[in-house]
Amino acid sequence: MGWGRRPLDYLARNATPVHVWAVEDTAVQVMWGDLPAGVVTIEADNAGAATEHPGGAGGLTITGLPADQAVTLRLTAGDEEHLLSTKTLPTPPGELCAVVATVSDLHLVERLGIL
C-alpha cells in the first residue's frame, strides 16, 4: 500500500507526538503531528503563545523565555494537555550581526534535469 493510500485511522494512530523541535536562547518551537481543531496554547513561567489551529499537524513558537534556563512548557489543545521540558541555549556573546535561514531537501537537481 502506497503512502497516499493509507487509511486516515492509520495516520491518526501513528502521528508524530507533541515534541520540542527547535531551541534558541529565548525561544522554543514545538511541533505536533495531530491535534484537534481549535485554540492551541503554550505557556511557560513568564511567557505564552496561542494560535487558532485548523486541526492535524502544526507548530507554535513561544518567545520571551529566559536564556540558559530549564523550561517546562504546557501545551493545551481542547481537552488535551502536554507537558514538555527543555533548556534554552545561552545567549552568544556580542552583537547579533545576521540571521541566516536554510532550506533543504528541495530536490532542485532533479527538477532541473541534471541527474
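Thresholds, definitions, all that
- Residues numbered from 1 in each chain as written.
- Predicted model: local features only at pLDDT ≥ 70, side-chain atom pairs only at ≥ 80, totals over all residues.
- Heavy atoms only, no water.
- Salt bridge = Lys/Arg side-chain N within 4 Å of Asp/Glu carboxyl O.
- Helix = DSSP H or I, 4+ residues; strand = E, 2+ residues; numbered from the N terminus.
- Buried < 20%, exposed > 50% of the residue type's maximum accessible area, 1.4 Å probe, protein only.
- Pairing = 2+ DSSP bridges.
- Axes fitted to C-alpha atoms, helices over the stretch in contact; angles between N-to-C directions.
- Contact = heavy atoms within 4.5 Å.
- Polar contact = N/O pair within 3.5 Å; in protein donor to acceptor, adjacent residues only side chain to side chain.

Q: Mind showing me how you'd approach the pattern of salt bridges here?
A: Pairing is possible between side chains that carry opposite charge, provided their charged atoms lie close to one another. Summed over all chains, the structure comprises three salt bridges. Here Asp68 and Lys87 are joined by a salt bridge, their closest N and O atoms 2.4 Å apart. Here Asp68 is found in the loop between strand E5 (56–63) and strand E6 (70–77), whereas its partner Lys87 is found in strand E7 (residues 80–87), with 19 residues between them in sequence. According to the relative accessible area criterion, Asp68 is partly exposed, its value standing at 37%. Where Glu81 meets Arg74, a salt bridge forms, and the shortest distance between an N and an O atom there is 4.0 Å.

Q: Whenever I open this one, the sheet that holds E5 confuses me. Can you help?
A: Note on sheets: strands pair through backbone hydrogen bonds, and any given pair is parallel or antiparallel. Reading across the sheet, the three strands line up as E1-E2-E5 and stay open at both edges, with antiparallel pairing between neighbours. At either margin of the open sheet sits one strand with a lone partner, and together these are strand E1 (19–23) and E5. The average angle at which neighbouring strand axes cross in this sheet is 25 degrees, direction not considered. Note: strand E2 (residues 27–35) against E5, seven bridges, orientation antiparallel. Note on E5: the bridge partner recorded for Val30 is Leu60.

Q: Would you mind going over the sheet that holds E6 with me for this structure?
A: Read across the sheet, four strands follow the order E4-E3-E6-E7 without closing on themselves; strand pairing throughout is antiparallel. Sheet topology places strand E4 (48–53) and E7 at the edges, where each strand pairs with a single neighbour. The average angle at which neighbouring strand axes cross in this sheet is 15 degrees, direction not considered. The pairing of E6 with E7 spans eight bridges and is classified as antiparallel. Residue pairing in the sheet places Ala70 in a bridge with Lys87 of E7.

Q: What should I look at first to understand the environment of Thr51 in this one?
A: Relative to the assigned elements, Thr51 resides in strand E4. Along the sequence, Thr51 and Val40 sit 11 residues apart, while their C-alpha atoms lie 5.5 Å from each other. Once residues lying within four places of it in the same chain are set aside, the contact partners of Thr51 are Gly38, Val39, Val40 and Leu60.

Q: How should I be thinking about the pairing of E4 in this particular structure?
A: For a regular strand, side-chain orientation follows a simple rule: the groups alternate between the two sheet faces. Bridging between strand E3 (residues 38–43) and E4 involves six bridges; their strand directions are antiparallel. From the neighbouring strand, Val39 faces E4, where its bridge partner is Glu52. Where E3 folds back onto E4 in an antiparallel hairpin, the turn is made up of four residues.

Q: Mind showing me how you'd approach the pairing of E3 here?
A: Strand direction decides the pairing type here: E3 and E6, joined by four bridges, are antiparallel. Each residue of the ladder has a partner; that of Glu43, found in E6, is Arg74.

Q: Where do I start with the side chain of His53 in this structure?
A: Here His53 lies in strand E4. Within the local environment of His53, its side chain forms a polar contact with the backbone oxygen of Gly56, the two atoms lying 3.0 Å apart. In this structure, His53 is in contact with Trp32, Leu35, Pro36, Ala37, Gly38, Val40 and Gly58, ignoring residues within four places of it in sequence.

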